[in-house]
Amino acid sequence: MVHDRQRERYRCKVCKKTFTSRTGTMFEGLRKPTELIVIVVTLLAYGCPVQAIVKAFRLDERTIANWRDRSGAHCQRVHEQMMQQADLTLSHVQADEIRVKGRKKVIWMALAMLVPTRLWLAGVVQPTRDTPLADRLFEQVRQWTKHISAILVCVDGWPAYPHSIERAFRSKIKRTAGRGRCCLEMWSGLVIGQVIKRQYKHRVVEVERRLLREDPHQAQKLLQTTPGCTILNTAYIERLNGTMRERLAQLTQKCRHAACRLESLHHGMYLLGVTYNLCWSHQQLSTNQQQISPAMASGLTDHLWSIVELLTYKVVPEPWHEPKKRGRKRIKPLPDPNQSKRPRGRPRLRPLPDPNQPKRPRGRPRKVILSSSTV
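Residues numbered from 1 in each chain as written. Predicted model: local features only at pLDDT ≥ 70, side-chain atom pairs only at ≥ 80, totals over all residues. Heavy atoms only, no water.

S.K.: Residues and numbers for the packing of helix H3 (residues 61-85) against helix H8 (residues 262-278), please.
M.R.: Two numbers describe a pair of packed helices, the interaxial angle and the distance between the axes. For the pair H3 and H8, interaxial distance at closest approach is 8 Å and the crossing angle is 55°. By the angle between their directions, the pair H3 and H8 is classed as oblique. Like other packed secondary-structure pairs, H3 and H8 cross with a definite hand, here left-handed. Taking contact as the criterion, the partners of Arg68, Asp69, Ser71, Gly72, Ala73, Cys75, Gln76, Val78, His79 and Met82 in H3 are, on H8, Ser264, His266, His267, Tyr270, Leu271, Val274, Asn277 and Leu278. In terms of residue class, the contact of H3 with H8 is built from 8 nonpolar, 8 polar and 2 charged. (Axes fitted to C-alpha atoms, helices over the stretch in contact; angles between N-to-C directions. Helix = DSSP H or I, 4+ residues; strand = E, 2+ residues; numbered from the N terminus. Parallel < 35°, antiparallel > 145°, perpendicular 65-115°, else oblique. Left-handed = near helix turned anticlockwise from the far one by under 90°. Contact = heavy atoms within 4.5 Å. Nonpolar A, V, L, I, M, F, W, Y, C, P; charged D, E, K, R; others polar.)

S.K.: Break down the pattern of salt bridges for me, citing the residues and quoting the values.
M.R.: Within the structure shown, the criterion is met by 11 salt bridges. Residue Arg261 is joined to Asp69 by a salt bridge in which the shortest nitrogen-to-oxygen separation is 3.3 Å. With Arg261 in the loop between helix H7 (235-247) and H8 and Asp69 in helix H3, this pair connects stretches of sequence that are 192 residues apart. Across the salt bridge formed by Glu97 and Arg129, the nearest N and O atoms sit 2.8 Å from each other. Of this pair, Glu97 sits in strand E4 (residues 92-102) while Arg129 sits in the loop between strand E6 (119-126) and helix H4 (131-143), placing them 32 residues apart in sequence. Taking relative accessible area as the criterion, Glu97 reaches 10% and is therefore assigned buried. (Salt bridge = Lys/Arg side-chain N within 4 Å of Asp/Glu carboxyl O. Buried < 20%, exposed > 50% of the residue type's maximum accessible area, 1.4 Å probe, protein only.)

S.K.: Which residues make up the layout of surface pockets, and what values do they have?
M.R.: Space left empty within the atom packing is revealed by a probe, the size of a water molecule, rolled over the atoms. Considering only enclosed or pocket space, the largest pocket measures out at about 630 Å³ in volume. Taken together, 22 residues form the lining of the largest pocket, with Thr23, Val315, Val316, Pro317 and Glu318 sitting closest to its centre. Classifying every residue of the lining of the largest pocket gives 10 nonpolar, 7 polar and 5 charged. (1 Å grid on protein atoms, 1.4 Å probe; cavity = no way out; pocket = protein on both sides within 12 Å on 5 of 7 lines; lining within 4 Å. Points joined across faces, edges and corners; volume = space filled by probe spheres on them.)

S.K.: How would you sum up the environment of Leu90? Please name residues and give values.
M.R.: Summarising the element assignment, Leu90 is placed in the loop between H3 and E4. Note: C-alpha distance between Leu90 and Gln283 (193 residues apart in sequence) is 22 Å.

S.K.: Requested: an account of the packing of aromatic side chains, with residues and values cited.
M.R.: Tallying each qualifying case throughout the model produces 7 aromatic pairs. Residues Phe169 and Trp187 carry aromatic rings whose centres are separated by 5.3 Å and whose planes lie at 70° to one another, so their mutual orientation is edge-to-face. One end of the pair, Phe169, is in the loop between helix H5 (160-168) and strand E8 (170-173); the other, Trp187, is in the loop between strand E9 (183-186) and strand E10 (190-199), and 18 residues separate them in sequence. Residues Trp305 and Tyr313 carry aromatic rings whose centres are separated by 5.5 Å and whose planes lie at 40° to one another, so their mutual orientation is tilted. Judged by its relative accessible area of 8%, Trp305 falls in the buried class. Through successive ring pairs, a cluster of aromatic residues spans Tyr46, Tyr276 and Trp280. (Phe/Tyr/Trp six-rings, centres within 6.5 Å; stacked < 30°, edge-to-face > 60°.)

S.K.: Let's hear about the sheet that holds E4: which residues, and what values?
M.R.: Taken together, 6 strands build an open sheet; the order of strands is E6-E5-E4-E7-E10-E11 and the sheet is mixed. Of all the strands in the sheet, just E6 and strand E11 (204-211) have a single pairing partner and so form its edges. For this sheet, the mean inter-axis angle between neighbouring strands, taken without regard to orientation, is 20°. Note: strand E7 (residues 151-155) against E10, 5 bridges, orientation parallel. Directly across from Cys154, in E10, lies its bridge partner Gly193. In the packing of H7 onto the sheet, the strands contacted are E4, strand E5 (105-114), E6 and E10, and the crossing angle to E4 comes to about 35°. Where H8 meets the sheet, it contacts E4, E5 and E6, and its direction lies at approximately 175° from that of E6. (Pairing = 2+ DSSP bridges.)

S.K.: So what's going on with helix H2 (residues 50-57)? Residues and values would help.
M.R.: Of all the residues in H2, the buried ones are Val50, Gln51 and Ile53. Buried residues of H2, seen end-on, are gathered within an arc of 160° and therefore sit on one face of the element. Opposite the packed face of H2, turned more than 90 degrees from it, sit the exposed residues Lys55 and Ala56. Lining the buried residues of H2 we find helix H1 (34-45) and H3. Downstream of H2 by one or two residues, Arg58 has phi in the positive range, about 55°. (Arc of directions from axis to C-beta.)

The structure is reproduced here in structure tokens:
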């Protein structure tokens, strides 16, 4: 419902709150020109440091950092909404982690991608490299699958990966009738592959490939879904790691703009990951006639997005629920129809005036001016 046409404000018919036409986008509440914000976010998505943008556009460093965080949070909402609406078949997934050297700290960023379409699926940022890091990563990958299917997951030699994959890709099955909890069974088509690389003087000297859930025929069948992939490898996710290190300024080793906070690295990861899915054409997927992005190859969209379209994409808000009233609910008894109603207000102490008597004049009595006589 239109509330103010001049300021482009609207009123919700359910919660009765007003909102602007920018609500649900990255530009909500910002007063700077839209063209300037789009240019700054584009530079951030291509790895330009914050200090260089400050020098070029004479903006405050905190303003640019705020725009980076806002665009990253908006990209996260867009990614979650589009992935929930999509019907993906995860046939071949690769996962790996990146060691980020920040200011007086070390941060770990784990990534996962769908290899046949090069779609970035999920990412987790955490200060420690432990089992919860792998659990959170594969929980996000699991929630994008709508049905049970055969899946090949290729990882490196980190021991936490296999158990996290087995915990993520299992379903509840009721074996006995009646009361009792369901059994958790792993997917029958789950194949886990590990690629262990041994290095000597920073050079790979040996590569060992393992199938933890041994089914060579199923693994070979799933590998054929990726063109050009014949053996177990983690080359595709490592290439995505290289793209992240190239275009995310916080991932450089020695610089002034190193990662200081987990939140800034988290928002930067989503900004780069969503623009990689929607706004960048992939060389191996594209043809001479059409530029194809990973989201187009996965069926999430039918065209190549621009940065403006991504930042102005309106995310559907969460359903509004009426707030609960505080305190204990009062139970009122039903009124008796035969009993007279109790009079409202205070009881009358003075008697009602007699209608036959004249009313007493209000206010001060009028002064009578005596006429003066002359002598």
